[in-house]
Amino acid sequence: MLGLSVAAAGAAVSRPLQGSALRPDPSGKKLKILVAGAHPDDPETGCGGTMLRYALAGHEVVAWYLTRGEAGIPGTSHEEAARIRTAELEQACKILHARPLFGGQIDGDTEVNRARYEEVRKMMEQENPDIIFTHWPVDTHRDHRACSLLIYDAWLTMGRKASLYYFEVDTGGQTQHFQPTDYCDITTVVEKKHEACFAHKSQKIKEETYPEYHAKMEIFRGLQHGCKYAEAYVHHEQSPRAWIPG
Ligand SMILES: [Zn+2]
């Protein structure tokens with residue numbers, strides 16, 4: 001009953017679908033968007049709909065993975081888990097029209113030190129994105145916090161030029177104290193986002209974390225934004241505001 005009423009309310013207030021999905025950046029510039037996550041599935045579950053909306057609007061989307069999820073399949077060696085999870089993320093990126101890129105660290109054992117800051121700064125200088133999305137730093141997972149700090153430091157040392165936004169994952173369970181400033185209406189692309197997230201079969205996302213977290217987050221953020229499904233962000237106020245679809 002609740003599901004029906006939420007769906008009905010969402011349908012009534014959703015924005016025009018096809019038009020907004022293809023609306024280009026008003027400046028006409030082709031943007032480069034870098035979405036940085038600690039593990040395979042973090043960019044997809046946090047920003048998958050936004051990534052696809054940028055790609056459909058003609059922009060370049062890069063998914064950067066700090067690790068390959070080496071510790072993410074119980075009973076499996078790091079090497080084998082990395083192989084399985086890399087194949088899964090490649091499938092997800094194909095669905096989202098994103099280019100995968102890797103940070104070369106190890107899941108559950110990520111480091112934040114001078115050498116690692118340097119590595120990430122070099123990657124960022126090479127990619128030179130217009131817009132960066134990364135983990136909100138108040139998070140129960142150490143790797144998520146490490147990813148957030150490494151990207152933030154690169155953004156600082158590059159002169160705070162790129163637009164910087166923070167995304168949420170498993171809010172309540174992992175992301176904490178997250179008060180969004182910006183939203184992306186993902187109603188038109190939500191099924192494709194699900195397809196990309198569910199490509200991570202080894203993580204049982206479809207069976208476990210999606211119903212428990214992400215499905216609720218999409219609907220809750222949609223209610224806040226006035227559409228059926230949304231993803232939410234915190235904008236760093238010292239970075240330029242970017243065009244976010246819907
Ligand atoms: Zn993660």
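What this report covers is the structure whose coordinates are included nearby. (Residues numbered from 1 in each chain as written. Predicted model: local features only at pLDDT ≥ 70, side-chain atom pairs only at ≥ 80, totals over all residues. Heavy atoms only, no water.)

Details of the pairing of strand β7 (residues 230-235)
- With respect to burial, β7 is a largely interior element, six of its six residues being buried.
- Burial of β7 is two-sided: the residues Ala230, Ala232 and Val234 facing one way and the residues Glu231, Tyr233 and His235 facing the other way are all buried.
- Here strand β5 (residues 163-167) pairs with β7 via three bridges, running antiparallel. Opposite phenylalanine 167, over in β7, you have tyrosine 233 as the bridge partner. (Buried < 20%, exposed > 50% of the residue type's maximum accessible area, 1.4 Å probe, protein only. Helix = DSSP H or I, 4+ residues; strand = E, 2+ residues; numbered from the N terminus. Pairing = 2+ DSSP bridges.)

Describing the coordination of the zinc ion
- Looking at the zinc ion, one finds its protein donor set to be His39 (ND1), Asp42 (OD), Asp42 (OD) and His144 (NE2), positioned 2.1 to 2.5 Å from the metal centre.
- Each of the four donor atoms bound to the zinc ion contributes to angles spanning 55 to 137 degrees, and the resulting shape is irregular.
- Read in sequence order, the donor residues for the zinc ion give the motif H-x2-D-x101-H. Across the pair, aspartate 42 and histidine 39 agree in class, each one buried. (Donors = N, O, S within 2.8 Å, 3.2 Å for Na, K, Ca; no water. Tetrahedral: all angles 85-135°; square planar, octahedral: opposite > 155°, others 65-115°.)

Bear in mind that shape data such as this cannot, by itself, settle questions of function.
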